[in-house]
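Residue-level structure breakdown
Residues per chain, in single letters:
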There are 4 protein chains.
Amino acid sequence: MKHAIFGESHGPAIGVVLEGVPAGVELDLEEIAFEMARRAPGKDPFSTPRKEADQPEILSGFFQGHTTGTPLCALIRNTDTRSRDYEKTKDLARPGHGDWPGFMRYQGYNDYRGGGHFSGRLTAPLVFAGAVAKQVLAGEGIVILAHIKSIADVEDIPFSQCLLSSELGWELREKSFPVLEDQRGEQMRQAIVRAKEEGDSVGGVIECAVLGLPAGMGAPDYGENVEGIVSQQMFAIPGVKAIGFGDSFGIARLRGSEANDPLYVRGGMVVSPTNHSGGVNGGITNGLPLVFEVALRPTASISKQQDTIDMDLWQDSKLTIQGRHDPCIVHRAVPVVEAAAALAVCQLMGI
Amino acid sequence: MKHAIFGESHGPAIGVVLEGVPAGVELDLEEIAFEMARRAPGKDPFSTPRKEADQPEILSGFFQGHTTGTPLCALIRNTDTRSRDYEKTKDLARPGHGDWPGFMRYQGYNDYRGGGHFSGRLTAPLVFAGAVAKQVLAGEGIVILAHIKSIADVEDIPFSQCLLSSELGWELREKSFPVLEDQRGEQMRQAIVRAKEEGDSVGGVIECAVLGLPAGMGAPDYGENVEGIVSQQMFAIPGVKAIGFGDSFGIARLRGSEANDPLYVRGGMVVSPTNHSGGVNGGITNGLPLVFEVALRPTASISKQQDTIDMDLWQDSKLTIQGRHDPCIVHRAVPVVEAAAALAVCQLMGI
Amino acid sequence: MKHAIFGESHGPAIGVVLEGVPAGVELDLEEIAFEMARRAPGKDPFSTPRKEADQPEILSGFFQGHTTGTPLCALIRNTDTRSRDYEKTKDLARPGHGDWPGFMRYQGYNDYRGGGHFSGRLTAPLVFAGAVAKQVLAGEGIVILAHIKSIADVEDIPFSQCLLSSELGWELREKSFPVLEDQRGEQMRQAIVRAKEEGDSVGGVIECAVLGLPAGMGAPDYGENVEGIVSQQMFAIPGVKAIGFGDSFGIARLRGSEANDPLYVRGGMVVSPTNHSGGVNGGITNGLPLVFEVALRPTASISKQQDTIDMDLWQDSKLTIQGRHDPCIVHRAVPVVEAAAALAVCQLMGI
Amino acid sequence: MKHAIFGESHGPAIGVVLEGVPAGVELDLEEIAFEMARRAPGKDPFSTPRKEADQPEILSGFFQGHTTGTPLCALIRNTDTRSRDYEKTKDLARPGHGDWPGFMRYQGYNDYRGGGHFSGRLTAPLVFAGAVAKQVLAGEGIVILAHIKSIADVEDIPFSQCLLSSELGWELREKSFPVLEDQRGEQMRQAIVRAKEEGDSVGGVIECAVLGLPAGMGAPDYGENVEGIVSQQMFAIPGVKAIGFGDSFGIARLRGSEANDPLYVRGGMVVSPTNHSGGVNGGITNGLPLVFEVALRPTASISKQQDTIDMDLWQDSKLTIQGRHDPCIVHRAVPVVEAAAALAVCQLMGI
């Protein structure tokens, strides 16, 4: 399953073309809408007040309630755009954003309004694609779940201290703030509010698990190992700066005797009491849950004044970003990480 | 430049085919040999005593001292193989290794001797490929350097506290233990020796920087962003479990006002006093050094007894690994990380 | 430049996403509309009376009159669909069509209305993509022209007997029936009318030339040679069954001394009085015009009664196809072949 | 299954790396040697007297008689090279060869000896790869056969007049001159001898059939249709200039009512008495044999004097090619076409 995402934040529409979707998958459109809603803006007091219906229109590849097997295109019209916010400051590169590298990459021809093609809004078609992928994977008994592992310095319980199950997944996806311990979630919200009040933003870490993946998927080679395939999907999410599998960077401090997951045969199945490797050895799944975490940088758009350059005058300047911005995108990114994971798993399964 | 690495640890030979090497590059074979030697085993008291000449024979794509532009194949014969070490325990999956997932992936047909195609020995052709890539990139003014950021709990100074330069790179590559502060390197060696004495192993973190990369390379999209391209190369290195760019996971704890790198015009160039983003915004290089770190798990092969399964009898078993093994591969992996980085940068530059 | 075409003949819309379009190309939208009109149905007395506005709406990748360098999506709404024509016969596989193989490929889930994703209508977004590619190539001094080489048994003069020039291209593209000798075109029209009157259809051959391609593009290897790259684009056009470069199959009857194009230096340029190789040797352009021909099968949809199977009842049946159908698509396919050639040349040029 | 072919005619070795070979295939090495021998030079009175053992050494991906599933590399050492033949004329571009385009492509750095990487000798590793692919496909009940359809103006019976069967394939592959009617083969040999006596060469057409391919393989889209996949493999064979499926260019002269293959259900199977489409409709296999023909140009190397350019002096020159050359490569190309077909079919089957 290949996907091509197109669109700009303030253009007429954004969308995605999915090639290689298996034929005959009965798509649950309400389920897709639910996933879209999990990511949608304007739900909570501190996120961007931009409101988008985000109703995807399926233009192709879907007939009589089933996928046809030919390319599936979904379109989302942009409706609530206020481009004037951006005109005044279009030559001022927002620090931490793709403005300056994008100016060099596209020689100034990129659509600067609302971040254009760099906008977090482009994760809406990604969630659509992932929602389709999840339904394909559900037919294979594969379930994907994720939670906020941390925001700023507030940490949730890690997956390694939980019994992972599809039920836990259902529980998490019902939450607008998907954490394992809601009290921590409350503290995270407070950290977000504090940052917002100071015209600032916070980042965080999302942890994701894939259950039901059979052992033997992937290969050690370049372009075929599990970690590389998952990473490439994750780094296409705006703001992701790091990824780690299993114990992540923590494994570098362990001894081999601590990091190796012992293997046992129980009830005809190969099991392990630990999962330091995050379900992957030698680039191949080992049958344990695939577990990884990704770091999301704090939102680059902040209202505090910043030093930057004027790309037209080619001189130093000061920038105070106006407009609607999220002080934190971590909680909204949870379904996005799940979506990217679903696309990665499809790739791994040869779907 | 595409590469296909082939071979097994105890087969007749390992090697690599490089497609898309530009024509007319004058290869410095001594330089290549030097890079190969940096990775080669048997150099220090605690690494595997396996000694391999690791003399690559260039079979094609190289004529009269220059690359021809057609596929370049380099072959490295395996000479010092002691396969009997592996016969006895071939059905016992070594915990932390690719044995068990590989058994499932290849239905038991993979060459188990010395880890077969999963072996760290396969990084020798990768270093060869990277050495060619480095020479191509040198012509573009691009330099790659790396150091051991940590082993076990001993940390070197991070690149963020250094003035990065090609001179620093030359200095580091002369060291058999490439750290910025040699005293820390001594402590790392001690940590390795301690682990070895206890029949155990240690892991670590390697930090890598690419200097001279122009701004504007990459794109935000899937498969084209800098972080995804670099990650996919890194995760093809055995033992890499995590990667982070710039401040890596640390960025998740910063405020936006701390994480954003301010921009200034100095001497006609765009500069920044900080590099929290590791030289990438929106998936595109911003002209600052590309900086990232990767975590290497502790060597999975340890001589301590471990619980595991017998894949033939399908029952629990105990395993004590014999044979020659590195208690730490981090220092030998430094040129490997550089090589993979060189291949990633070629990809990014459209080479 | 990669393209993903989506849509079904009778779905809500068809379209294309173009990835990798260079930034800053000033698109001439009238020129694009002209190319679309060349292919559009309903222009002549014997072609399908289905009339489509075929107005592409550009949804992304285009800003302030220029390409942005990010994915460009164009959408064409389907308006004049009469799906009832197909309901009655949906289980009867139309001989020569993709119905039966598509049934097997997509397990019966494909959209059967109007040929669905197999429809010649899907060449509209291909022409759009090609029109963009042509404008990109025009900036490199590359021009693409094509003519009807034959329809049924009526043959036009071949390109090998013409002086190829961009002027000739401009002349040809103004013709609704692009032949070099209009009298032959008249005979071709008569052959089409005769076939139509008999409820039958005719096929033909289109010859295409690319002028201005520099020598040295391509490589002998799989996936990189000119012929393979062009072929893969051509066979994505419905109805193309054969392709030949230069003398095509005729070269197999020549002696080496006849087939080899002698080389001379004239005015500092390498020239040849002949072009039996069609501008390619060893898979690489030689600086002469790239010339090739493609065979288009007679339209599979005919109104004559045919023997076929009922895919639902799994038994023999008789089929008389109703609905609107072209007795010949060769003349309408001329801009389609040019479009596919433009995409191939972009690929070859690394655009 | 991906393949990377490397090597030059007069370098130390040529070879191939096969990635994605399924694990556990029991390779019949004698069978592979037989296929290699079919292509090998020096067998008949009129072909190049260069004699090569062409013994492939399998370096990886093969263990205990079976494929391992990891990359398989086979190496063929070059032994009988006489490079001095080429030194004198290295700056004279041989008309019809890749010399001149290669000079432009590789800026003069390519290995010119014996055609270097452009040499027909590079088809030896291709035949190796195809022999492996054939054995993989045999396990799926798929058989590939080919014959010389014509040499110069002598034509063999076409496959459309035969009952295609695996037995016919076995019969054909035993012949050093694989034709259906041996008398025609004798006439072809005479045509070759005549050309050779005149210092000239001849070309021809090879027809190939794939039996046992299930219906439903492929897709109409770019990069996925049967014809495009097969073509891309075929055009990687040196000297192939045209390809046609089923009736090939002949179909352009048929009426729709003649070209459409009627369908019937017989014994629960879908059958057709004709196969004008060559087993493909809409880019997807229809269950009939996949049949196609390819045109091979007459060997470019002839001993007659030719007009050409001196690429060093950049002036007109005369060339009389010395050295050992085939006056016809069509009969030796038969196993090469089969090999490329086998690789294409693997690709189509997702192997």
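An account of the accompanying structure is given in this report. (Residues numbered from 1 in each chain as written. Chains lettered and ligands numbered in written order. Predicted model: local features only at pLDDT ≥ 70, side-chain atom pairs only at ≥ 80, totals over all residues. Heavy atoms only, no water.)

Assigned secondary structure in chain A consists of 9 helices and 17 strands. On C-alpha atoms alone, chain A measures out to a radius of gyration of 21 Å, which is about the 20 Å that the 2.2 N^0.38 rule sets for 351 residues. Counting only C-alpha atoms and orienting by the principal axes, one finds that chain A spans roughly 70 × 50 × 40 Å. Counting over 351 residues, chain A shows a buried share of 65%. A separation of at least 24 residues holds for 73% of the contacts in chain A among residues at least 6 apart in sequence. Across chain A, 32 positive and 44 negative side-chain charges occur, with their mean positions spaced 5 Å apart. (Helix = DSSP H or I, 4+ residues; strand = E, 2+ residues; numbered from the N terminus. Rg over C-alpha atoms; globule rule 2.2 N^0.38 Å. Buried < 20%, exposed > 50% of the residue type's maximum accessible area, 1.4 Å probe, protein only. Contact = heavy atoms within 4.5 Å. Lys, Arg positive; Asp, Glu negative; His and termini not counted. Charge placed at Lys NZ, Arg CZ, Asp CG, Glu CD.)

Taken residue by residue, the interface counts 94 residues in chain C and 94 residues in chain D. Counting the surface lost from both chain C and chain D, the interface buries some 7,400 Å², and carbon and sulfur atoms represent 56% of this. Interface area lost by chain C to chain D is led by Tyr-222, Gln-232 and Lys-241 of chain C, which between them contribute 11%. Here chain C is connected to chain D by 10 salt bridges. The closest approach of N and O atoms between Asp-200 of chain C and Arg-255 of chain D, which form a salt bridge, is 3.9 Å. Taken together, the links from chain C to chain D amount to 48 residue pairs in polar contact (both at pLDDT 80 or more). For the side of chain C that touches chain D, the residue count by class is 43 nonpolar, 33 polar and 18 charged. (Buried area = accessible area lost by both parts, 1.4 Å probe. Salt bridge = Lys/Arg side-chain N within 4 Å of Asp/Glu carboxyl O. Polar contact = N/O pair within 3.5 Å; in protein donor to acceptor, adjacent residues only side chain to side chain. Nonpolar A, V, L, I, M, F, W, Y, C, P; charged D, E, K, R; others polar.)

To continue, consider the sheet that holds strand 2 (residues 13-19) of chain A. Residue and element names in this part refer to chain A. Strand order in the open sheet made by the 4 strands is 1-2-6-3, with antiparallel pairing throughout. Every other strand in the sheet has two partners, leaving strand 1 (2-7) and strand 3 (57-58) as the edge strands with one partner each. Here strand 2 runs beside strand 6 (residues 72-77); their pairing, made up of 6 bridges, is antiparallel. Bridge assignment links Val-17 to a residue of strand 6, and that residue is Cys-73. Across the sheet, helix 4 (residues 123-138) lies against strand 1, strand 2, strand 3 and strand 6, angled at about 30 degrees from strand 2, the strand it touches most. (Pairing = 2+ DSSP bridges. Axes fitted to C-alpha atoms, helices over the stretch in contact; angles between N-to-C directions.)

Among the 6 residues in strand 10 (residues 240-245) of chain D, 6 count as buried, and that is most of the element. Across 3 bridges, strand 10 (residues 240-245) of chain C lies against strand 10 of chain D in antiparallel orientation. Paired with Gly-244 of chain C across the bridge in strand 10 of chain D is Ala-242 of chain D. Where strand 10 of chain D meets strand 15 (residues 290-296) of chain D, 5 bridges bridge the pair, whose relative direction is antiparallel. When the sheet's bridge partners are listed, Val-240 of chain D is paired in strand 15 of chain D with Leu-296 of chain D.

Moving on, we come to the sheet that holds strand 15 (residues 290-296) of chain C. Pairing is antiparallel across the open sheet formed by 10 strands, whose spatial order is 8(C)-7(C)-9(C)-15(C)-10(C)-10(D)-15(D)-9(D)-7(D)-8(D). Looking at which strands have only one partner, the edges of the open sheet turn out to be strand 8 (154-155) of chain C together with strand 8 (154-155) of chain D.

Now for helix 5 (residues 166-174) of chain D. Think of an α-helix as turning once every 3.6 residues; residues three or four places apart then point the same way. Residue and element names in this part refer to chain D. Within helix 5, the full set of buried residues consists of Leu-168, Gly-169, Leu-172 and Arg-173. Looking straight down helix 5, one finds its buried side chains confined to an arc of 130 degrees; they lie on one side. Residues Glu-167, Glu-171 and Glu-174 are exposed on helix 5 and point more than 90 degrees away from its buried face. (Arc of directions from axis to C-beta.)

Our next topic: the pattern of salt bridges. Counted under the stated rule, the structure contains 98 salt bridges over all chains. We note a salt bridge from Arg-173 of chain B to Glu-31 of chain B, for which the minimum N-O separation is 2.4 Å. Taken together, the positions of Arg-173 of chain B in helix 5 (residues 166-174) and Glu-31 of chain B in helix 1 (residues 29-39) put the pair 142 residues apart, joining distant regions of the chain. A relative accessible area of 22% places Glu-31 of chain B in the partly exposed class. Across the pair Asp-316 of chain C and Arg-266 of chain D runs a salt bridge, and its minimum N-O distance is 2.8 Å. On the criterion of chain membership, the pair formed by Asp-316 of chain C in strand 17 (residues 315-319) and Arg-266 of chain D in strand 11 (residues 264-266) is interchain, its members lying in two chains. Judged by relative accessible area, which is 32%, Asp-316 of chain C ranks as partly exposed.

Turning our attention to the packing of aromatic side chains. How two aromatic rings sit relative to each other is set out by the distance from centre to centre and by the angle between their planes. Applying the stated criterion to the full structure yields 26 aromatic pairs over all chains. Ring geometry for Phe-245 of chain B and Phe-292 of chain B: centres 5.7 Å apart, planes at 40 degrees, overall tilted. Linking Phe-245 of chain B in strand 10 (residues 240-245) with Phe-292 of chain B in strand 15 (residues 290-296), this pair joins segments that are 47 residues apart in sequence. Assigned by exposure class, Phe-245 of chain B and Phe-292 of chain B land together as buried. Judged by centre distance (5.7 Å) and plane angle (55 degrees), the rings of Trp-100 of chain D and Trp-314 of chain D are tilted. Here Trp-314 of chain D lies in the loop between strand 16 (306-310) and strand 17 (315-319) and Trp-100 of chain D lies in helix 3 (residues 99-105), a separation of 214 residues in the sequence. Grouping aromatic residues by their ring pairs yields a cluster made of Trp-100, Phe-103 and Trp-314 of chain A. (Phe/Tyr/Trp six-rings, centres within 6.5 Å; stacked < 30°, edge-to-face > 60°.)

Glancing now at the relation of the copies chain C and chain D. Its rotation angle being 180 degrees, the transformation that places chain C on chain D also includes 0.0 Å of axial translation and leaves an RMSD of 0.0 Å. Here the copies are linked by what is in effect a two-fold axis. Distance from the rotation axis, computed per C-alpha, reaches its smallest value in chain C at Ile-243 of chain C: 2.8 Å. When the interface residues of chain C are mapped onto chain D, 100% of them are again interface residues, pointing to one common binding face. (Least-squares fit on C-alpha atoms with pLDDT ≥ 70 in both.)

The next subject is the nonpolar core. The nonpolar side chains of soluble globular proteins are, as a tendency, buried together. Counting 146 residues, the largest nonpolar core has Phe-292 of chain C together with Phe-292 of chain D as its most contacted members. Setting aside residues up to four positions removed in sequence, Phe-292 of chain C forms contacts with Ile-206, Glu-207, Cys-208, Val-230, Met-234, Ile-243, Gly-244, Phe-245, Val-337 and Ala-341 of chain C. In this structure, Ile-76, Ile-148 and Val-330 of chain A together with Ile-58 of chain B belong to the second largest nonpolar core, which totals 144 residues. (Core = buried A, V, L, I, M, F, W, Y, C linked by side-chain atoms within 4.5 Å.)

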